[in-house]
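Architecture and fold: a report
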Amino acid sequence: MFHLKSKGGQNLDKQTVKYAVRRFSNLIERNKEHRAYSDFKEGINKGLDIAKFTFEDHVEKFDLSSLEDNQTKKTQNLQNEFNSLIDTLDIRKKPNCSEEHLEGIYKGFEKSKLLFEEFIKELV
């Protein structure tokens with residue numbers, strides 16, 4: 001289960017979880033290619049969207065409780081969990097998907113890992 005705890009150790013409500021998901025989604029949106037005029041750049045945006053929705057769908061797997069305790073280890077574990085989740089995604093070439101678009105999707109996945117790291121650091 002996805003837990004956020006206040007400094008006093010009490011679980012925060014579902015609104016807080018929604019807020020965390022929204023923060024990550026906003027971070028993704030701010031980092032999209034807003035002038036995606038190529039298949040590659042459109043692929044990057046698609047990869048970022050897939051990563052965003054994957055996080056939202058699996059948010060219960062992330063435990064953000066007590067981040068202040070052993071902060072470095074906790075943030076590294078969360079980063080590893082997210083990276084593993086993204087690395088398990090297998091995007092196959094679709095009939096109307098160019099190689100450049102597919103390469104962009106995987107580039108978007110890599111970019112999402114960096115953004116997740118930034119997101120975790122903001123939460124701490």
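Note on numbering: residues in each chain are counted from 1, in written sequence order. This being a predicted model, a pLDDT of at least 70 is required before a residue's local features are given, and a value of 80 or more before pairs of side-chain atoms are given or counted; all residues contribute to the totals for chains, interfaces and linings. Only heavy atoms go into the side-chain values, all of them from the structure, while hydrogens and water stay out.

**Description of the environment of Phe 82**
Along the chain, Phe 82 turns up in helix α3 (residues 71-87). When the C-alpha atoms of Phe 82 and Lys 113 are compared, they prove to be 7.2 Å apart, with 31 residues separating the residues in sequence. The criterion used for residue contact is that any of the two residues' heavy atoms lie within 4.5 Å. Not counting residues within four places of it along the chain, the set of residues in contact with Phe 82 comprises Phe 24, Ala 51, Phe 55, Phe 62, Ser 112, Lys 113 and Phe 116. Secondary structure elements follow DSSP: runs of H or I of four or more residues count as helices, runs of E of two or more count as strands, with numbering from the N terminus.

**Overview of a negative patch on the surface**
Patch membership is restricted to residues that have no salt bridge and whose relative accessible area is over 30%. Joining uses 9 Å for like charges and 5 Å for the nonpolar side chains Val, Leu, Ile, Met, Phe, Trp and Tyr. Using a 1.4 Å probe, accessible areas were evaluated by the Shrake-Rupley method; residue-level cover was limited to the displayed protein chains. Salt bridges are counted wherever a side-chain nitrogen of Lys or Arg sits within 4 Å of a carboxyl oxygen of Asp or Glu. In this count, Lys and Arg are taken as positive residues and Asp and Glu as negative ones, while His and the chain termini are left out. Charged groups are reduced to one reference atom each: NZ for lysine, CZ for arginine, CG for aspartic acid, CD for glutamic acid. A contiguous patch of negative charge, built from Asp 39, Glu 42, Glu 100 and Glu 103, is present on the exposed surface. For the negative patch, the elements supplying multiple residues, two or more each, are α2 (39-57) and α4 (99-123). Considering the arrangement of structural elements, one finds Glu 103 in helix α4.

**What to know about the packing of aromatic side chains**
Planes of paired rings set the category: under 30 degrees apart is stacked, over 60 is edge-to-face and the rest tilted, where pairs are Phe, Tyr or Trp rings (Trp by its six-membered ring) whose centres lie within 6.5 Å. Overall, the coordinates contain ten aromatic pairs when judged by the stated rule. The interplanar angle of 65 degrees and the centroid separation of 5.0 Å between the aromatic rings of Phe 24 and Phe 55 together place this pair among those described as edge-to-face. Residue Phe 24 is located in helix α1 (residues 14-30), and its partner Phe 55 is located in helix α2; the two are separated by 31 residues in the primary sequence. Both residues of the pair, Phe 24 and Phe 55, belong to the buried class. Every member of this aromatic cluster is reached through a ring pair, and the members are Phe 24, Phe 55, Phe 82, Phe 116 and Phe 119. Think of it in three bands: residues with accessible area under 20% of the maximum for their type are buried, residues over 50% are exposed, and the middle band is partly exposed, with areas taken using a 1.4 Å probe on protein chains only.

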